[in-house]
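Architecture and fold: a report
Each chain, letter by letter, is given below.
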Number of protein chains: 2
Amino acid sequence: MVLAGIELAQLIDSMNPLKALSGRINYSFQQPELLKQALTHRSLGYNNNERLEFLGDSVLGFVVSAMLYEKFPSAAEGDLSRTRARLVRGESLAEIARELEFGAALLLGAGEMKSGGYRRDSILADALEAVIGAIYLDGGFEVCEKWLQQLFSKKVDELPPLDELKDPKTRLQEWLQGRKLALPSYEVTKVAGKGHLQQFTVRCQIESLELELSAQGTSRRKAEQSVADSALQKIMELNR
Amino acid sequence: MVLAGIELAQLIDSMNPLKALSGRINYSFQQPELLKQALTHRSLGYNNNERLEFLGDSVLGFVVSAMLYEKFPSAAEGDLSRTRARLVRGESLAEIARELEFGAALLLGAGEMKSGGYRRDSILADALEAVIGAIYLDGGFEVCEKWLQQLFSKKVDELPPLDELKDPKTRLQEWLQGRKLALPSYEVTKVAGKGHLQQFTVRCQIESLELELSAQGTSRRKAEQSVADSALQKIMELNR
């Protein structure tokens, strides 16, 4: 009878989506109401997961930064930033949330439920960030850090070698230098808008390849990186 | 004679800009080479402070987020984000670095030195972020967190009440509601560019005040906030 009682309790637990998720993420909350809040979409009203998402996003950014800093001791700041952005962008987080079957535990308003909100990248990524914030509040920084290190260790280990993490301008330059070709020239051909809304158009000329491309960006630097990226893609196409 | 020896040692210390800065920031490094690196601008070459800046920026973002989360238990996510951005933007960090006389301890290349780089906002803010990263590596997270909490406690305490931290659209709406005036209407009048480079133009009409303004932004939401901000400024001017 006691055995049956335990089995019954386990059965009931497994029917509780929050407890089941707790098992899948391998974290048991001292304050289960934090997990519930982390999974509550704003379509359900005021006490939703947006504040926890704010907190979780910043813990995540820091822990991943520290992991990358340690793993790539000679990487430049720009390469670290780009790699971090790749690891924590919505798409990547939604993928993790999907692997952990967050969808089954999300608490959504009727409208979002009907329209399949539990499958949407943004809702899944936000919920994962909120759960990170909830674990931080529940267990403290060190516990949350360890949990995140486990969650991201495989992804960090699988990152491509540093070379491929270099910025497009550097990669383009190195590709040309490796073939003893003249370096590209960059020129700002247009600046539109004012202040924070400025748009720079940059032209990149690679005479040795008879290539000329343009791209836009909100800064000269961004426009240059963007046009270098296009040039690299073009070169890879031509060399295929 | 011993006394004189101690005094001499103190005199020599005070002539060492790094030791003097260490005193002003009230943190004594176990690995002083980290402080040196944190103050080394890229104009001096490869072993500069950019990697530490990457790390420090992310620690800072997290610690300030946690402080705000705790201090404003009912603030919305957007208000928390805006407040954090205000506290950690380059201008604010440069101000702190100036108060702590970072300029005297910066290690700059000859060109930057001549052109007054030690006074420039961006160089000062970057150095402060790098020192934060250095303290984290030197003392661990908890020590760095406490140090940052002290550094920012006054600024966080002095933040205006939540109301003033609300976003411009909300403030505009509440201003009009408070006077029983009809609410503004927003309309996208132009979308230019593609993908990440899209520019939205939004027109805001406030018929009750016979006001019509337009603004641009990289998303509909940003353009709306921007035009609401302009409308609030216009209203404040008219009411002065």
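From a predicted model like this one, the values you see are computed outputs, not experimental measurements. (Residues numbered from 1 in each chain as written. Chains lettered and ligands numbered in written order. Predicted model: local features only at pLDDT ≥ 70, side-chain atom pairs only at ≥ 80, totals over all residues.)

**Brief notes about the overall build of chain A**
Assigned secondary structure in chain A consists of 12 helices and 3 strands. For 240 residues, the compact-globule estimate of 2.2 N^0.38 gives 18 Å, and the C-alpha radius of gyration of chain A, at 23 Å, exceeds that figure by more than 25%. The principal-axis extent of the C-alpha atoms belonging to chain A is close to 85 × 40 × 35 Å. Counted over contacts in chain A with a minimum sequence separation of 6, partners at least 24 positions apart contribute 57%. (Helix = DSSP H or I, 4+ residues; strand = E, 2+ residues; numbered from the N terminus. Rg over C-alpha atoms; globule rule 2.2 N^0.38 Å. Contact = placed C-beta atoms within 7 Å.)

**A closer look at the nonpolar core**
Grouped together as the largest cluster of nonpolar side chains are 85 residues, with contacts concentrated most on A:Ala127, A:Val131, B:Ala127 and B:Val131. What B:Val131 contacts, discounting residues up to four positions off in sequence, is B:Ile25, B:Leu35, B:Ala38 and B:Gly56. (Core = buried A, V, L, I, M, F, W, Y, C linked by C-beta atoms within 7 Å. Buried ≥ 20, exposed ≤ 12 C-beta atoms within 10 Å, placed from the backbone.)

**Description of the interface of chain B and chain A**
Where interface size is given, it is often the accessible area lost as the parts come together that is meant. Every contact between the two is made by 19 residues of chain B and, on the other side, 20 residues of chain A. Looking at the side of chain B that touches chain A, the elements with two or more residues in it are α4 (50–71) and α5 (77–88) of chain B.

**Some words on the packing of helix α6 (residues 90–99) of chain B against helix α8 (residues 121–139) of chain B**
Residues and elements named next belong to chain B. At a minimum axis separation of 8 Å, α6 and α8 run at an interaxial angle of 75 degrees. It follows that α6 is roughly perpendicular to α8 by the angle criterion. In this structure, α6 uses Gly90, Glu91, Leu93, Ala94, Ile96, Ala97 and Arg98 to contact α8, whose residues at the interface are Asp121, Ser122, Leu124, Ala125, Ala127, Leu128 and Glu129. Here the contact of α6 with α8 is composed, by residue class, of 8 nonpolar, 2 polar and 4 charged. (Axes fitted to C-alpha atoms, helices over the stretch in contact; angles between N-to-C directions. Parallel < 35°, antiparallel > 145°, perpendicular 65-115°, else oblique. Nonpolar A, V, L, I, M, F, W, Y, C, P; charged D, E, K, R; others polar.)

**Looking at the confidence of the model for chain A**
Scored by pLDDT, chain A comes out at a mean of 90, with 92% of its residues at no less than 70. Confidence estimates for the predicted assembly give a pTM of 0.72 and an ipTM of 0.71. (pLDDT = per-residue confidence, 0-100.)

**A word on the sheet that holds strand β1 (residues 185–192) of chain B**
Residues and elements named next belong to chain B. Spatially, the 3 strands line up as an open sheet ordered β1-β2-β3, and their pairing is antiparallel. Where the open sheet ends on each side, the last strands, each with one partner, are β1 and β3 (211–217). Averaged over all pairs of adjacent strands, the angle between strand axes in this sheet comes to 20 degrees, irrespective of strand direction. (Pairing = 2+ DSSP bridges.)

**Looking at the relation of the copies chain B and chain A**
Each copy of the sequence occupies a distinct position, and chain B is placed on chain A by a rotation of 180 degrees and an axial shift of 0.1 Å, giving an RMSD of 0.2 Å. Here the copies are linked by what is in effect a two-fold axis. Measuring from the rotation axis to each C-alpha of chain B, the shortest distance belongs to B:Phe62, at 3.2 Å. (Least-squares fit on C-alpha atoms with pLDDT ≥ 70 in both.)

**Regarding the pairing of strand β3 (residues 211–217) of chain A**
All names here are of chain A. Direction of pairing for strand β2 (residues 199–206) relative to β3: antiparallel, over a ladder of 7 bridges. By the bridge assignment, arginine 203 is partnered in β3 with serine 214. In sequence, β2 turns back onto β3 through a hairpin of 4 residues, with glutamate 210 there showing a positive phi of about 50 degrees.

**Quick look at the sheet that holds strand β1 (residues 185–192) of chain A**
All names here are of chain A. With antiparallel pairing, 3 strands are arranged side by side in an open sheet as β1-β2-β3. Strands at the two margins of the open sheet, each flanked by one partner only, are β1 and β3. Averaged over all neighbouring strand pairs, the angle between strand axes comes to 20 degrees, with direction disregarded.

**Remarks on the environment of A:Lys234**
Residues and elements named next belong to chain A. Relative to the helices and strands, lysine 234 resides in helix α12 (residues 220–238). For lysine 234, a count of 14 C-beta atoms within 10 Å puts it in the partly exposed group. As a C-alpha pair, lysine 234 and leucine 211 span 23 residues in sequence and 8.8 Å in three-dimensional space. Excluding residues that lie within four positions of it along the chain, lysine 234 makes contacts with Leu211 and Leu213.

**Re unusual backbone geometry**
Residues and elements named next belong to chain B. Positive phi, normally seen in glycine, also occurs at glutamate 101, with a value near 55 degrees. Its place among the elements puts glutamate 101 in the loop between α6 and α7 (110–114). Assessed through the 13 C-beta atoms surrounding it within 10 Å, glutamate 101 is described here as partly exposed. The backbone of glutamate 210 shows a phi angle near 50 degrees, a positive value even though the residue is not glycine. You can see glutamate 210 is positioned in the loop between β2 (199–206) and β3.

**Regarding the packing of α8(B) against helix α9 (residues 141–157) of chain B**
All names here are of chain B. At a minimum axis distance of 7 Å, the contact between α8 and α9 shows a crossing angle of 140 degrees. The angle between the axes of α8 and α9 places the two elements in the oblique class. Packed against α8, whose contacting residues are Ile132, Ile135, Tyr136 and Gly139, the element α9 presents Phe141, Val143, Cys144, Trp147 and Leu148 at the interface. The residue inventory of the contact of α8 with α9, partitioned by class, reads 8 nonpolar, 1 polar and no charged.

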